[in-house]
Amino acid sequence: GPRQGLDQVIPKFILQILNDKSITIYGDGTQTRDYTYVSDAVKAYSLLAITPKIEGKVLNFGSGKEIQIKKLAELIIKLTNKKGKLKFSTKLRSGETPRLLCNSNLAKKTIKWKPIVNLETGLLKTIEYYQTRKHLVVNLPFML
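One structure accompanies this document, and this report is about it. Please read all numbers here as calculations on a predicted model, not as lab measurements.

Conventions adopted
Residues numbered from 1 in each chain as written. Predicted model: local features only at pLDDT ≥ 70, side-chain atom pairs only at ≥ 80, totals over all residues. Heavy atoms only, no water. Helix = DSSP H or I, 4+ residues; strand = E, 2+ residues; numbered from the N terminus. Areas by Shrake-Rupley, 256 points an atom, 1.4 Å probe, with all protein chains shown as cover. Lys, Arg positive; Asp, Glu negative; His and termini not counted. Charge placed at Lys NZ, Arg CZ, Asp CG, Glu CD. Axes fitted to C-alpha atoms, helices over the stretch in contact; angles between N-to-C directions. Parallel < 35°, antiparallel > 145°, perpendicular 65-115°, else oblique. Left-handed = near helix turned anticlockwise from the far one by under 90°. Contact = heavy atoms within 4.5 Å. Nonpolar A, V, L, I, M, F, W, Y, C, P; charged D, E, K, R; others polar.

1. Topic: the overall build of the protein
Scanning the protein from N- to C-terminus turns up five helices and four strands. The linear arrangement of helices and strands in the protein, starting from the amino end, is α-β-β-α-β-α-β-α-α. If you line up the protein on its principal axes, its C-alpha atoms span 50 × 30 × 25 Å. Carbon and sulfur atoms form 53% of the exposed surface of the protein, whose accessible area is close to 9000 Å². For the protein, the separation between the mean place of its 25 positive charges and that of its 11 negative charges on side chains is 2 Å.

2. Topic: the packing of helix α1 (residues 9-18) against helix α5 (residues 119-131)
Packing of α1 against α5 brings their axes to within 10 Å, and their N-to-C directions diverge by 55 degrees. Judged by the inter-axis angle, α1 sits oblique to α5. Where α1 crosses over α5, the two elements pack in a sense that is right-handed. Seen from α1, the contacting residues are I10, P11, I14, L15 and L18; seen from α5, they are L123, T126, I127, Y130 and Q131. In terms of residue class, the contact of α1 with α5 is built from eight nonpolar, two polar and no charged.

In C-alpha coordinates, the structure reads:
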(Lines give C-alpha, C1' and ligand atoms only; values in the text may rest on other atoms or scores of the structure.)
Protein backbone atom coordinates (compact mmCIF):
# COMPACT_ATOMS: atom_id res chain seq x y z
CA GLY A 1 0.00 0.00 0.00
CA PRO A 2 0.95 3.66 0.20
CA ARG A 3 4.17 4.52 2.04
CA GLN A 4 5.47 1.00 1.54
CA GLY A 5 9.25 0.72 1.43
CA LEU A 6 10.72 1.49 -1.96
CA ASP A 7 12.67 -1.76 -1.80
CA GLN A 8 9.39 -3.69 -2.19
CA VAL A 9 8.17 -5.14 -5.49
CA ILE A 10 4.87 -3.27 -5.86
CA PRO A 11 6.24 0.27 -5.34
CA LYS A 12 9.17 -0.53 -7.63
CA PHE A 13 6.90 -1.75 -10.40
CA ILE A 14 4.56 1.23 -10.01
CA LEU A 15 7.39 3.77 -9.99
CA GLN A 16 9.09 2.17 -12.96
CA ILE A 17 5.93 2.34 -15.08
CA LEU A 18 4.96 5.83 -13.88
CA ASN A 19 8.42 7.03 -14.88
CA ASP A 20 8.09 5.43 -18.34
CA LYS A 21 10.63 2.72 -17.64
CA SER A 22 10.32 -0.98 -18.36
CA ILE A 23 9.33 -3.09 -15.39
CA THR A 24 12.26 -5.27 -14.41
CA ILE A 25 11.37 -8.82 -13.44
CA TYR A 26 14.02 -11.08 -12.01
CA GLY A 27 13.72 -14.65 -13.23
CA ASP A 28 10.96 -15.71 -15.60
CA GLY A 29 8.18 -14.05 -13.60
CA THR A 30 6.37 -17.28 -12.79
CA GLN A 31 7.22 -17.03 -9.10
CA THR A 32 4.07 -16.25 -7.11
CA ARG A 33 3.23 -14.04 -4.17
CA ASP A 34 0.22 -13.48 -1.92
CA TYR A 35 -0.44 -9.79 -1.23
CA THR A 36 -2.46 -8.26 1.60
CA TYR A 37 -3.35 -4.59 1.70
CA VAL A 38 -2.00 -2.57 4.61
CA SER A 39 -5.38 -1.76 6.18
CA ASP A 40 -6.16 -5.49 6.33
CA ALA A 41 -2.80 -6.19 7.97
CA VAL A 42 -3.37 -3.42 10.52
CA LYS A 43 -6.80 -4.86 11.34
CA ALA A 44 -5.24 -8.32 11.79
CA TYR A 45 -2.61 -7.03 14.21
CA SER A 46 -5.21 -4.99 16.10
CA LEU A 47 -7.36 -8.08 16.58
CA LEU A 48 -4.30 -10.07 17.57
CA ALA A 49 -3.48 -7.54 20.27
CA ILE A 50 -6.86 -7.88 21.97
CA THR A 51 -7.35 -11.63 21.60
CA PRO A 52 -6.90 -13.57 24.85
CA LYS A 53 -4.95 -16.82 25.01
CA ILE A 54 -3.23 -16.26 21.66
CA GLU A 55 0.29 -16.39 23.08
CA GLY A 56 2.49 -18.98 21.36
CA LYS A 57 0.27 -19.38 18.30
CA VAL A 58 1.60 -18.60 14.85
CA LEU A 59 -0.88 -16.81 12.59
CA ASN A 60 -0.46 -15.89 8.94
CA PHE A 61 -2.21 -12.92 7.38
CA GLY A 62 -2.69 -13.11 3.64
CA SER A 63 -5.32 -13.03 0.94
CA GLY A 64 -4.98 -16.73 0.17
CA LYS A 65 -4.71 -15.79 -3.51
CA GLU A 66 -1.44 -16.02 -5.34
CA ILE A 67 -0.42 -14.08 -8.41
CA GLN A 68 2.57 -14.58 -10.68
CA ILE A 69 5.02 -11.68 -10.59
CA LYS A 70 4.72 -11.15 -14.35
CA LYS A 71 0.89 -11.07 -14.04
CA LEU A 72 1.26 -8.53 -11.23
CA ALA A 73 3.43 -6.34 -13.47
CA GLU A 74 0.93 -6.64 -16.33
CA LEU A 75 -1.92 -5.68 -13.98
CA ILE A 76 -0.01 -2.60 -12.79
CA ILE A 77 0.58 -1.56 -16.40
CA LYS A 78 -3.14 -1.96 -17.12
CA LEU A 79 -4.22 -0.05 -13.99
CA THR A 80 -1.88 2.88 -14.72
CA ASN A 81 -3.16 3.17 -18.30
CA LYS A 82 0.44 3.45 -19.44
CA LYS A 83 2.22 1.66 -22.22
CA GLY A 84 4.78 -0.47 -20.56
CA LYS A 85 7.09 -3.31 -21.23
CA LEU A 86 8.45 -6.08 -19.11
CA LYS A 87 12.20 -6.57 -18.97
CA PHE A 88 13.32 -9.97 -17.72
CA SER A 89 16.63 -10.55 -15.99
CA THR A 90 18.02 -14.05 -15.65
CA LYS A 91 19.53 -13.05 -12.33
CA LEU A 92 17.37 -14.10 -9.37
CA ARG A 93 17.27 -12.33 -6.05
CA SER A 94 19.17 -14.04 -3.26
CA GLY A 95 16.84 -16.39 -1.40
CA GLU A 96 14.09 -16.09 -4.02
CA THR A 97 11.16 -18.38 -3.27
CA PRO A 98 9.27 -19.76 -6.28
CA ARG A 99 5.90 -19.80 -4.51
CA LEU A 100 4.53 -17.83 -1.58
CA LEU A 101 0.91 -18.50 -0.65
CA CYS A 102 -0.46 -17.68 2.77
CA ASN A 103 -2.81 -19.91 4.72
CA SER A 104 -4.82 -17.60 6.97
CA ASN A 105 -7.29 -20.22 8.20
CA LEU A 106 -6.04 -20.06 11.80
CA ALA A 107 -6.30 -16.26 11.81
CA LYS A 108 -9.83 -16.45 10.42
CA LYS A 109 -10.79 -18.98 13.07
CA THR A 110 -8.99 -17.58 16.13
CA ILE A 111 -9.28 -13.81 15.74
CA LYS A 112 -12.17 -13.71 13.24
CA TRP A 113 -10.04 -11.91 10.64
CA LYS A 114 -10.34 -11.95 6.89
CA PRO A 115 -8.94 -9.61 4.25
CA ILE A 116 -11.36 -7.08 2.77
CA VAL A 117 -9.33 -5.13 0.18
CA ASN A 118 -8.71 -7.11 -3.00
CA LEU A 119 -5.47 -6.84 -4.96
CA GLU A 120 -6.80 -4.58 -7.71
CA THR A 121 -8.34 -2.10 -5.27
CA GLY A 122 -5.16 -2.03 -3.20
CA LEU A 123 -3.05 -1.48 -6.29
CA LEU A 124 -5.27 1.40 -7.44
CA LYS A 125 -4.89 3.10 -4.04
CA THR A 126 -1.13 2.56 -4.13
CA ILE A 127 -0.82 3.81 -7.72
CA GLU A 128 -2.78 6.95 -6.77
CA TYR A 129 -0.37 7.58 -3.89
CA TYR A 130 2.73 7.23 -6.04
CA GLN A 131 1.37 9.25 -8.99
CA THR A 132 1.80 12.42 -6.98
CA ARG A 133 5.20 11.37 -5.66
CA LYS A 134 6.93 9.83 -8.67
CA HIS A 135 9.21 12.84 -9.11
CA LEU A 136 10.71 12.29 -5.65
CA VAL A 137 12.13 8.89 -6.52
CA VAL A 138 13.00 9.08 -10.22
CA ASN A 139 16.72 8.71 -9.61
CA LEU A 140 16.57 5.93 -7.04
CA PRO A 141 18.03 2.63 -8.22
CA PHE A 142 15.54 -0.16 -8.69
CA MET A 143 16.89 -3.29 -7.09
CA LEU A 144 14.87 -6.37 -6.28
